[in-house]
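Here's the letter readout for the chains.
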Amino acid sequence: MGPAAGRCASRGLLFIFLAATVYFRWELCPGYDYGNRSLCCNANQLRTLKGSLQLPLQFLSRCPACFYNLMNLFCELTCSPHQSQFTKATKFNGSNVMEVQYYIGKTFASAMYNACSDVQAPSSNVKALSLLCGKVAQECNATNWIQYMFSTSNGQAPFPIIPIFSDVEVSGFTPMNNKTYACTEGLEDGSGPCSCQDCTNACGPKPNPPVVPPPWTIFGVDAMNVIMWFSYLSFLLVFLGAVLGAWCYRKRTVMSEYGPILDSNNPLSLNSDDLGQASPSCCETLGERFENFLRVLFSSWGSFCVRNPFVVILGSLVLVVAFSYGLRYMRITTDPVELWSSPASQARQEKDYFDSHFGPFFRTAQLIITTSTNNNFTYSPYFGGSDVPFKPIFDKDLLHQVLDLQLAVQSLVATYEGQNVTLKDICVAPLAPYNNNCTILSILNYFQNSHSVLDHIARDEFYVYADFHSHFLYCVSAPASLNDTTLLHDPCLGTFGGPVFPWLALGGYDETNYNNATALVITFPLNNYLNDSVRLGKVLAWEKEFIGFMKNFSNSNLTVAFSAERSVEDEINRESNSDINTILISYIIMFVYISLALGHIHSFGMFLVDSKISLGIAGILIVLSSVSSSLGIFSYFGIPLTLIVIEVIPFLVLAVGVDNIFIIVQTLQRDDRMPNEELHQQIGRILGDVAPSMFLSSLSETVAFFLGALSIMPAVRTFSLFAGLAIFIDFLLQISCFVSLLGLDAKRQERNRLDICCCVKLPESQQIKSDGILFRFFKKIYAPVILQEWVRPIIVAVFVGMLSFSIAAVNKVQIGLDQKLSMPDDSYVLDYFKNLSEYLHTGAPVYFVVEDGLNYTSLDGQDAVCGGVGCNNNSLVQQVYTASLISNYTTIAYTPSSWLDDYFDWIKPQSTCCRFYNSTGEFCNASVINPSCVSCRPMTPAGKERPVGEEFMRFLPMFLSDNPNPKCGKGGHAAYATAVDLKPNDGGVGATYFMTYHTILKDSPDFINALKMGRVLAKNISQSINHKVFAYSVFYVFYEQYLTIAYDTALNLGVSLAAIFVVTTVLLGFEVWSALMVSITIAMILVNMFGVMWLWDISLNAVSLVNLVMSCGISVEFCSHIVRAFSISTKRSRVERAEEALAHMGSSVFSGITLTKFGGIVVLAFSKSQIFQVFYFRMYLAIVLLGAAHGLIFLPVLLSYIGLSPNKAKVLAANKRYAGTERERLLNY
């Protein structure tokens, strides 16, 4: 409104301008017609009005009813011939009006506000009134909104206009109370009602999230706990009742109370296995023949290796060198994406699609700044209002110190290949090349990153009218404003041309009380590059410089947690390097133990003769050679290694390999050479006896691991491949190279030559062969004790109890990986993670990507996506908006930014945004004053419709290149330059995205749930619009594995158990029942591992899954040797056979795996790495203890109860094989 309007109202002077009338009716005030009445304005005043209302027009015209009511307010004030009834000029300067009172009906004001209160500003993810009311939208109401629009402080009103609100006549003036339209109503010109996104009342009832099902309980107690308790008690009742009943029955049946309960001749004994005189069955005969085939094969091979040691050793060495040569092609993968996400997975494909169409997600360097000072203070606004409390972090001196830090980071200079790299070289600058300022998400950008602007103050001798407090309070409510409402008139928009949303730059506040923030967050977004190693190298160099600078930064008033994109990977690498010493000490302890424990020392004087130090070292070298061969072979094929492979596989292969070494060596030490038997025949015979057991365990593990490679998780797949091959190569080297070395060592020992110094020979002496201490302990004490009649039921009860507890705990194991565990104890990133969790107030950005193929040039294609007037109620934008209303359930925090809706607002003919040079057709920015610039679309009914066809595509590139400015806040360059993938050669619109944010995500369950909800929403949208839409966020690729980790775990372990069962069945001579015993025991170990994981707070993730797969393999070593020894034992009763198997194999298993691993595992507890402490020390310790307990305690007892009866064919063959010898043992291992 100009002075002329004031004169018209005060003096009754009416100006008649036909052109102005047309302009008024068709552009600014459509629908208003006063017939032949003259209007109280001219064309210049209308142009001024239009210029003043450009921002409201651009942001509110998306809701026709809102915009109609708003223009009604201004049109009546400016041009109405009735304005003298509701306006009064109160101040004059000569003939010019300097102040006007405007009487407005309360009903009108409230209706206008209600129609506009929900209108969204798509590019800012906030309500439009936050940008137009001078306050955050929640604090805006009808009164203060109109007061703000009529105040000169907004930079648009030419003089003060004092609104007076009343629905009744005041001092002779009748308030303007024109007809209004609700946002749910259509207009007379055919405009439809506002969309649900812009009008809550148009949405119907607010959606209610599904009711979360209550926990499954029985009598208020966890249902699984109750079920397992009941099952366990029922088992105890039945089992102990059966045992007691059988004992009483035998007691009554045996004539003498001193009769032997375990008498196998007693047909009523539980331990009786009367072989009778029956002939072996066909299956037993087949099993014996297969067993004999393996025995003969390995015996012949062992004899050959001992007779030709140098040929075998040299051949093995050549093969190992050839295989290991592939290590020169070794490639280690540390990229988390490559480690945890399969190229064929949905998240990986979606990431690749996003990166290829929109560029990779930007990198970040971030500071979280807090202070230890407690100087809370209160700000009292001069122009009234409640006092505002501020936290210490907003102290002005501290803000200057923070700004110094920010500017210091901005000025960092790194060096890459001799070139200087600054922040401006690598930062995200959305308005480049017009504005090369870097995006810096910091509240100091409200002050243009300037000390002088921060110190800007409006005051006189007595009062402070405005300062940084008032500017901050305005900017957090209107971050995109170019002019605050205070007397400072400073912009809030960042120097990079975009808004800094307070939820991204502040932390530790409550609700929207940003003045209560306790932390400042400064984020430097950096460019990321897919296939440009040079530019990516520059970014990495600057990040390294940034990290080094922040490590050395010190300020007594500020506490700064920081991180760069490379920080996690750097710290993981540093952690791996720092743990090398721990791992080496662990292996050294195991090596020393193996070297010393292999020897059977008869006397101190014969120590160096009887020791096996050199043989132990050779055995360890064979284990390491098998690992290097496996790594080399796969490196030939270009399969990359992972840190898990390097850290875990040596441990696994050492467990398997050392166990086999102990079995071979200790069997030889306990064996007596038969008459006329040479050394090569003896070792061949021994290998024939024990190699089938080694083959059984090694092949079972190999097949199980190779089947585990079917996993879709790269880390698990790679580990399984490398582990399976390493174990099989280790077995081959042990039955060849190690056997040859064993023969050489045996010859050395027979000739009384010293170990290591084999050229030194001691005098001949008579040696008395004796069993080792451990073997005697197992045979004389341990085995008889645990297999006593009263001990066995206790053992079964205890282990079934452990199993029941673990089953109840399986579903309570947490899924995910706390990223803090992957960091060393002394890492600076731990502080950053802690502060991130404590202060973060928004989640990660989430993009709803519309894949290529949607026709945006048609109304149907537009309606399927947009969120404004006329758009479908189930459109993409509308569904995401609806999801944001129940953010606690959907994890969608805000309304999405919509390039399409902003484009429609930008191109409207009422707006000054879309213009082009009439002479050239080139785009003309709204800030350009040039008469040749004309509006893109005519002010006609057709021109006001949404653009379609060629017209849509003609102006879209202009929108995407337009920078926001005071004349046009809808320019799409800053917000949407990368959101639309325009096809080359005017090929149309390809893929596009619509961005919003997730809610606060703090731990793995939050991230997993956000991924689930994003995909559910994207699936619903795809079905609604009949076009592929997917949700993408930067963390999806890491957390997708957890959506199926439970299934993958069950599948991997189930397939491994099935493989072990099949291989064991075949190699035990088709004894299905014995194979089932092995599988049941291994399954119990695995289930108990879950119980330990729950007790010890170990989550289920790829790392723990690798360990579970490994535990499946190691469990074979604890079980298979015992079961095979039991199956070929010729003792008559199950108890005797279990005792013999435990005595002969138990000591080797205990010394070969349990003691070896226990010493090495304990060292891992002292690692600086939390992931080593949790996933390696705790899980490895559990694997060894549970494996030893089940293999050496439970399994023998189980076999003593329900083990398979002796194979008659094997018994007959053994008796025949040893007929005429003096051997007291039927079978020696």
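Since this is a predicted model, take the numbers as computed values, not measurements.

What counts as what
- Residues numbered from 1 in each chain as written.
- Predicted model: local features only at pLDDT ≥ 70, side-chain atom pairs only at ≥ 80, totals over all residues.
- Heavy atoms only, no water.
- Helix = DSSP H or I, 4+ residues; strand = E, 2+ residues; numbered from the N terminus.
- Buried < 20%, exposed > 50% of the residue type's maximum accessible area, 1.4 Å probe, protein only.
- Contact = heavy atoms within 4.5 Å.
- Areas by Shrake-Rupley, 256 points an atom, 1.4 Å probe, with all protein chains shown as cover.
- Phe/Tyr/Trp six-rings, centres within 6.5 Å; stacked < 30°, edge-to-face > 60°.
- Lys NZ or Arg CZ within 6 Å of the ring centre and 35° of its normal.
- Pairing = 2+ DSSP bridges.
- Axes fitted to C-alpha atoms, helices over the stretch in contact; angles between N-to-C directions.
- Salt bridge = Lys/Arg side-chain N within 4 Å of Asp/Glu carboxyl O.
- Parallel < 35°, antiparallel > 145°, perpendicular 65-115°, else oblique.
- Nonpolar A, V, L, I, M, F, W, Y, C, P; charged D, E, K, R; others polar.
- Disulfide = S-S within 2.5 Å.
- Expected span 1.5 Å × (residues − 1).
- Bend = angle between axes of the 7 residues up to and from the residue.
- Polar contact = N/O pair within 3.5 Å; in protein donor to acceptor, adjacent residues only side chain to side chain.
- pLDDT = per-residue confidence, 0-100.
- Patch = residues over 30% accessible without salt bridge, like charges linked within 9 Å, V, L, I, M, F, W, Y side chains within 5 Å.

## Focus: the overall build of the protein chain
- Along the protein chain, the regular secondary structure elements total 43 helices and 25 strands.
- When burial is assessed residue by residue, the protein chain has 57% of its 1229 residues classed as buried.
- Within the protein chain, counting contacts between residues at least 6 apart in sequence, those at least 24 apart form 74% of the total.
- Of the roughly 50,400 Å² of accessible surface on the protein chain, 59% is carried by carbon and sulfur atoms.

## Thoughts on the packing of aromatic side chains
- Evaluation of the coordinates by the stated rule reveals 61 aromatic pairs.
- Between phenylalanine 86 and tyrosine 102 the ring centres are 5.8 Å apart and the planes differ by 35°, which places this aromatic pair in the tilted class. Of the two residues, phenylalanine 86 is situated in the loop between helix H5 (64–79) and strand E1 (87–93) and tyrosine 102 in strand E2 (residues 96–104); the sequence distance between them amounts to 16 residues.
- On the basis of relative accessibility, which here comes to 5%, the residue phenylalanine 86 falls in the buried class.
- Aromatic side chains phenylalanine 562 and tyrosine 828 sit 4.6 Å apart centroid to centroid with 10° between the ring planes, which places their arrangement in the stacked category. Taken together, the residues phenylalanine 562 in strand E18 (residues 558–564) and tyrosine 828 in helix H29 (residues 828–839) connect sequence positions 266 residues apart. As far as burial versus exposure is concerned, phenylalanine 562 and tyrosine 828 are alike and both buried.
- Through a chain of ring-to-ring contacts, three or more aromatic side chains come together here, namely Phe354, Phe358, Phe361, Phe362, Tyr847, Tyr993 and Tyr1032.
- Over the ring of tyrosine 1201 we find arginine 792; its NZ or CZ atom is 4.5 Å from the centre of that ring.
- Above the plane of the ring of phenylalanine 1126 lies arginine 1137, whose end atom (NZ or CZ) is 4.0 Å from the centre.

## Considerations on the sheet that holds strand E5 (residues 161–165)
- Taken in spatial order, the three strands line up as E1-E2-E5 in an open sheet, and their pairing is mixed. Two strands lie at the open edges of the sheet, namely E1 and E5, each paired on one side alone. The mean inter-strand angle of the sheet, taken between neighbouring strand axes irrespective of direction, is 20°.
- Two elements, E1 and E2, share six bridges in a ladder whose sense is antiparallel. Bridging across to E2, asparagine 93 finds its partner in asparagine 96.
- Its contacts with the sheet put H5 on E1, E2 and E5, and the angle it makes with E2 is roughly 135°.

## Observations regarding the pattern of salt bridges
- Scanning the model with the defined rule gives 29 salt bridges in all.
- As a salt-bridge pair, glutamate 99 and lysine 91 come within 3.8 Å of each other at their nearest N and O atoms.
- Through salt bridges with shared partners, a single network forms among Arg62, Asp198, Asp902, Asp905, Lys908 and Lys970.

## So, the packing of helix H11 (residues 309–324) against helix H23 (residues 613–636)
- Following both chains from N to C, one finds H11 and H23 inclined at 45°, their axes separated by 7 Å at the closest point. By the angle class used here, H11 and H23 are oblique. Facing H11, whose interface residues are Val320, Ala322, Phe323 and Ser324, H23 presents Ser625, Ser628, Ser629, Gly632, Ile633 and Tyr636.
- Residue composition of the contact of H11 with H23, by class: five nonpolar, five polar and no charged.

## Regarding the sheet that holds strand E9 (residues 363–371)
- Taken in spatial order, the four strands line up as E16-E17-E9-E18 in an open sheet, and their pairing is antiparallel. Of all the strands in the sheet, just strand E16 (506–507) and E18 have a single pairing partner and so form its edges.
- Its contacts with the sheet place helix H14 (residues 396–410) against E9, strand E17 (519–526) and E18, and it is angled at close to 15° to E17.

## Thoughts on the state of the cysteines
- With the rule as written, the count across this model stands at eleven disulfides.
- Cysteine cysteine 737 remains unbridged, with the sulfur of cysteine 305 as its closest cysteine sulfur at 9.0 Å.
- By relative accessible area, cysteine 737 is classed as buried at 10%.

## A few points about helix H25 (residues 679–708)
- Taking 1.5 Å of rise per residue, the 30 residues of H25 would be expected to cover 44 Å, and the 41 Å separating its terminal C-alpha atoms lies within 8% of that figure.
- Maximal helix bending in H25 amounts to about 40°, located at valine 690; proline proline 692 follows within four positions.
- For H25, the tally of buried residues reaches 25 of 30 residues, placing the bulk of the element in the interior.

## Observations regarding H14
- The end-to-end C-alpha distance of H14 is 21 Å, a good match for the 21 Å that 15 residues give at a rise of 1.5 Å each.
- Those residues of H14 lying buried are Leu398, Leu399, His400, Val402, Leu403, Leu405, Gln406 and Val409.
- Where H14 is buried, its residues touch E9, helix H16 (451–454), helix H17 (468–477), E17, helix H19 (533–551) and E18.
- If you check the start of H14, you find a side-chain oxygen 3.1 Å away from the backbone N of aspartate 397, and it comes from aspartate 395.

## Considerations on the pairing of strand E13 (residues 419–422)
- Here four bridges tie strand E12 (residues 413–416) to E13, and the two strands are oriented antiparallel to one another. Its bridge partner being in E13, valine 413 is matched across the sheet by threonine 422.
- The turn joining E12 and E13, which pair antiparallel and follow one another in sequence, is formed by two residues; a positive phi near 50° is taken by glutamate 417.

## Some points on the confidence of the model for the protein chain
- Chain-level pLDDT for the protein chain is 84 on average; 90% of the residues reach the 70-or-more range.
- Confidence drops under pLDDT 50 across residues 1–7; counting only partners more than four residues distant or on other chains, this segment forms 22 contacts.
- Throughout residues 9–21 the model reports pLDDT below 50, and contacts reaching past four residues in sequence, or to other chains, amount to 22 contacts.

## Observations concerning a nonpolar patch on the surface
- On the surface, a cluster of nonpolar side chains totalling about 610 Å² of accessible area is made up of Tyr382, Phe383, Phe462, Tyr463 and Leu487.
- By secondary structure assignment, the location of tyrosine 463 is in the loop between strand E14 (458–459) and strand E15 (464–466).
- Taking the relative accessible area as the measure of exposure, tyrosine 463 reaches 44% and is therefore partly exposed.

## Examining the side chain of glutamine 682
- Take glutamine 682: it is sitting in helix H25.
- For glutamine 682, a relative accessible area of 5% gives the class buried.
- Ignoring sequence-local partners within four residues, the contact set of glutamine 682 consists of Leu668, Asp671, Asp672, Arg673 and Glu677.

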